[in-house]
Amino acid sequence: MAKPRVKHYLVNEKYEDPGLVIEIDSLGEYILFDVGNIRKLDRHLLRKVNKIFITHTHMDHFIGFDHLLRNKLGREQTVEVFGINPLAENLYCKLQGYTWNLVEFEPRIVFNLKQYNSGLFEYYSYDIKKKFARDFIKEEKADTDVIYENQYYRVRYAVLDHKIPVMGYSFEYKDRLLLKKDSIKDLPLEGRQIGEFKSFLADENNRGKSFTIDGREYGWEELREKYSYVQEGIKISYITDVVFSEENFKKIINLVKGSDVLYCEAVFLPEDREQASKVYHLTADQTALIAKEAGVKKLVVFHFSRRYANRWDRIIEEIKPIFPNVE
Ligand SMILES: [Zn+2]
Ligand SMILES: [Zn+2]
């Protein structure tokens, strides 16, 4: 069955600032992974962005926040921000870099932040009406690798080593049970009953139970087969700014395994392995190995070092023998 309509693409060229966009029109969800230079993105899209996942706050991953903020002004909205300590501090400092004395006339903009910090999730809120003061909301034990989840998708994370802790992310659109529209219209169900019927079918715990339609009982398996189908989910992972270590390798594989698409940095050529490990980045062959070991369907590479100007093709050429489905 067709995959859900989820549009995903890199913000920039492969040798420019990293960043990934995920657009889900049907849900009104517009997600950015990293906010480096984002000037190429359409301003209508920037206005709609409602979730931001930051890997870390090196400049090439966060400098675009000002540009985003500017495009947000003038429209009431809440933006959810996710990342790792010291993101809360960095965001606060960015917001305090401007004077907000006239904001009483501005529509309300709120940034709600959730960051991982040494085994805890910390929650902060920054409200334009309070001149973006940093309000600490709460903290809780981070006893899950899911940093965000709703009915339709979840985002998982892994804390990786880049000489500082950074986040790797995996976006997982869940499998969904949908009703076969043509068959369902013959059933004497209406309005709320259809919702109940769908919930009954969607819940695997109802296996062996029955549902009553017009005074007659029907089994879960029979109804499910006849009136519904499962729309398979999609998994998109985003890994950047990591050193090739045994621990990183294990954590990345665990996070991204089976991805439909893995977006992963490939900064250096194999011959510059020493430089790569010195600055805590991956070489092309290391990236290829990750994609292969994780059994992803497709690999998209980026964050190419500028030292290879005009011979960036070589990075992809190095990957192909190990992992052919790369672009
Ligand atoms: Zn970095
Ligand atoms: Zn970087």
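Before reading on, note that the structure itself is shown above.
First, a word on what this report is: a plain description of the structure on this page. Bear in mind the structure is a predicted one, so any value in this text is a computation, not a measurement.

## Quick word on the sheet that holds strand S6 (residues 109-117)
- Read from one edge of the open sheet, eight strands run S1-S2-S3-S4-S5-S6-S7-S8, paired in mixed fashion. Edge strands, defined here as strands with exactly one partner in the open sheet, are strand S1 (7-10) and strand S8 (133-141). In this sheet, neighbouring strand axes are inclined to one another by 15 degrees on average, regardless of whether the strands run parallel or antiparallel.
- In terms of strand pairing, strand S7 (residues 120-127) meets S8 through eight bridges, oriented antiparallel. The residue bridging Tyr-126 from the neighbouring strand is Arg-134, located in S8.
- Of the strands in this sheet, strand S5 (77-84), S6, S7 and S8 are in contact with helix H4 (residues 87-95), which crosses S6 at around 150 degrees.

## Considerations on unusual backbone geometry
- With an omega of 10 degrees, the peptide bond between Asn-85 and Pro-86 qualifies as cis.
- By the element assignment, Pro-86 lies in the loop between S5 and H4.
- In this structure, His-303 is a non-glycine residue whose phi angle is positive, near 65 degrees.
- Tracing the backbone through its elements, the reader meets His-303 in the loop between strand S18 (298-302) and helix H11 (313-319).

## Observations concerning the sheet that holds strand S11 (residues 165-173)
- Taken in spatial order, the six strands line up as S9-S10-S11-S16-S17-S18 in an open sheet, and their pairing is mixed. Unpaired on one side and paired on the other, strand S9 (146-149) and S18 mark the two borders of the sheet. Shown here is a sheet whose adjacent strand axes are inclined to one another by a mean of 15 degrees, direction ignored.
- Here strand S10 (residues 153-161) runs beside S11; their pairing, made up of nine bridges, is antiparallel. Each bridged residue has a counterpart across the sheet, and for Tyr-153 the counterpart in S11 is Tyr-173.
- On the sheet, helix H8 (residues 246-256) packs against S10, S11, strand S16 (234-239) and strand S17 (261-265) and is oriented at approximately 175 degrees with respect to S10.
- Strand contacts of helix H10 (residues 284-294): S17 and S18, with the helix running at about 155 degrees to S17, the strand carrying the most contacts.

Cut-offs used in this document
- Residues numbered from 1 in each chain as written.
- Chains lettered and ligands numbered in written order.
- Predicted model: local features only at pLDDT ≥ 70, side-chain atom pairs only at ≥ 80, totals over all residues.
- Pairing = 2+ DSSP bridges.
- Helix = DSSP H or I, 4+ residues; strand = E, 2+ residues; numbered from the N terminus.
- Axes fitted to C-alpha atoms, helices over the stretch in contact; angles between N-to-C directions.
- Contact = placed C-beta atoms within 7 Å.

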